[in-house]
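Chain residues, written in single-letter form:
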Amino acid sequence: MLRPMLKEQRRPAVLFSNLFDDFFDDFFSRIEGGSTDVLDKGDHYLLQAELPGFKKEDISMKLENDMMIIKASHQDETKEEKDNYIRRERNLNSYQRTFSVAGVDKDRIMASYNNGILAVTLPKEDALTDGNKSIEIQ
């Protein structure tokens with residue numbers, strides 16, 4: 001079954017020290033990256049990730065064994081000069097998700113990006129194949 005990978009398990013000694021980081025990781029992932037839905041369509045899974053503001057060139061997908069990694073990032077910069085002040089802002093947006101693709105025919109995965117939505121079709125299979133592969137986004 002196609003499922004997102006959960007955060008790594010942590011030992012109790014480092015659990016508290018990571019609570020702060022986890023809170024902000026989760027908070028900013030909701031703001032910067034949109035929602036991700038996975039639908040079971042019978043013979044395939046359909047993954048839909050909302051990535052508003054990203055260009056197709058900002059997104060990369062790759063397979064590493066039974067893991068599919070989706071990454072997107074881009075940076076905007078605004079410069080404005082008036083009278084006695086200068087304003088310069090930088091905005092970095094990023095998205096990263098990892099999914100287990102065990103039971104998916106990795107050679108037939110297809111992806112498209114249109115109007116801020118990344119749609120990935122993942123055909124189901126019975127036999128697993130191992131290996132690494134890049135996925136072209138249409």
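How each quantity is defined
- Residues numbered from 1 in each chain as written.
- Predicted model: local features only at pLDDT ≥ 70, side-chain atom pairs only at ≥ 80, totals over all residues.
- Heavy atoms only, no water.
- Buried < 20%, exposed > 50% of the residue type's maximum accessible area, 1.4 Å probe, protein only.
- Helix = DSSP H or I, 4+ residues; strand = E, 2+ residues; numbered from the N terminus.
- Pairing = 2+ DSSP bridges.
- Axes fitted to C-alpha atoms, helices over the stretch in contact; angles between N-to-C directions.
- Phe/Tyr/Trp six-rings, centres within 6.5 Å; stacked < 30°, edge-to-face > 60°.
- Lys NZ or Arg CZ within 6 Å of the ring centre and 35° of its normal.
- pLDDT = per-residue confidence, 0-100.
- Contact = heavy atoms within 4.5 Å.

Student: How do you make sense of the pairing of strand E4 (residues 59-64) when you look at a structure like this?
Tutor: Within a regular strand, the side chains alternate between the two sheet faces. Only one face of E4 is covered, namely the face carrying Ile59, Met61 and Leu63; the face carrying Ser60, Lys62 and Glu64 is uncovered. Looking at chain direction, E4 and strand E5 (residues 67-82) are connected through six bridges and run antiparallel. The partner of serine 60 across the bridge, within E5, is lysine 71. Between E4 and E5, which follow one another and run antiparallel, lie two residues, and asparagine 65 among them has a positive phi close to 55°.

Student: Could you clarify how one ought to interpret the sheet that holds strand E7 (residues 110-114) in this entry?
Tutor: Each strand in a sheet pairs with another by means of backbone hydrogen bonds, the pair being arranged parallel or else antiparallel. Read across the sheet, four strands follow the order E2-E3-E8-E7 without closing on themselves; strand pairing throughout is antiparallel. The outermost strands of the open sheet, each flanked by one partner alone, are strand E2 (36-40) and E7. With direction set aside, neighbouring strand axes in the sheet form an average angle of 15°. Relative to strand E8 (residues 117-123), strand E3 (residues 44-50) runs antiparallel, the two sharing seven bridges. Residue pairing in the sheet places tyrosine 45 in a bridge with leucine 122 of E8.

Student: Even after reading the chapter, I still don't get the packing of aromatic side chains, so can you show me in this structure?
Tutor: Within a pair of aromatic rings, the relevant descriptors are the distance that separates the centres and the angle that separates the planes. Enumeration over the complete set of coordinates arrives at zero aromatic pairs. Over the ring of tyrosine 45 we find lysine 124, and its NZ or CZ is 4.8 Å from the ring centre.

Student: What exactly am I supposed to notice about unusual backbone geometry here?
Tutor: Excluding glycine, a negative phi dihedral is what most residues carry, and trans is how most peptide bonds are arranged. Backbone geometry at asparagine 65 places phi at a positive 55°, although glycine is not the residue there. Among the secondary structure elements, asparagine 65 is positioned in the loop between E4 and E5. Classification of asparagine 65 by relative accessible area gives partly exposed; the value is 43%. Residue asparagine 115 is not a glycine yet carries a positive backbone phi of 55°. For asparagine 115, a relative accessible area of 74% translates into the label exposed.

Student: Would you mind going over the pairing of strand E6 (residues 85-100) with me for this structure?
Tutor: With 16 bridges connecting them, E5 and E6 associate as antiparallel partners. Within E6, the residue paired with glutamate 77 across the bridge is arginine 90. Linkage of E5 to E6, two consecutive antiparallel strands, is achieved through a turn of two residues, within which aspartate 83 is found at a positive phi near 40°.

Student: Mind showing me how you'd approach the confidence of the model for the protein chain here?
Tutor: Segments scoring low in pLDDT should not have their predicted coordinates read at a detailed level. Scored by pLDDT, the protein chain has a mean of 77; 71% of the residues are at 70 or more. Here helix H1 (residues 12-32) is the element of the protein chain with the lowest mean pLDDT, 46, and E7 is the one with the highest, 96. Predicted confidence is poor over residues 7-20, with pLDDT under 50, and the contacts of this stretch with residues over four places away or in other chains come to five contacts. Every residue in residues 23-32 is under pLDDT 50, and counting partners more than four places away or in other chains gives seven contacts.

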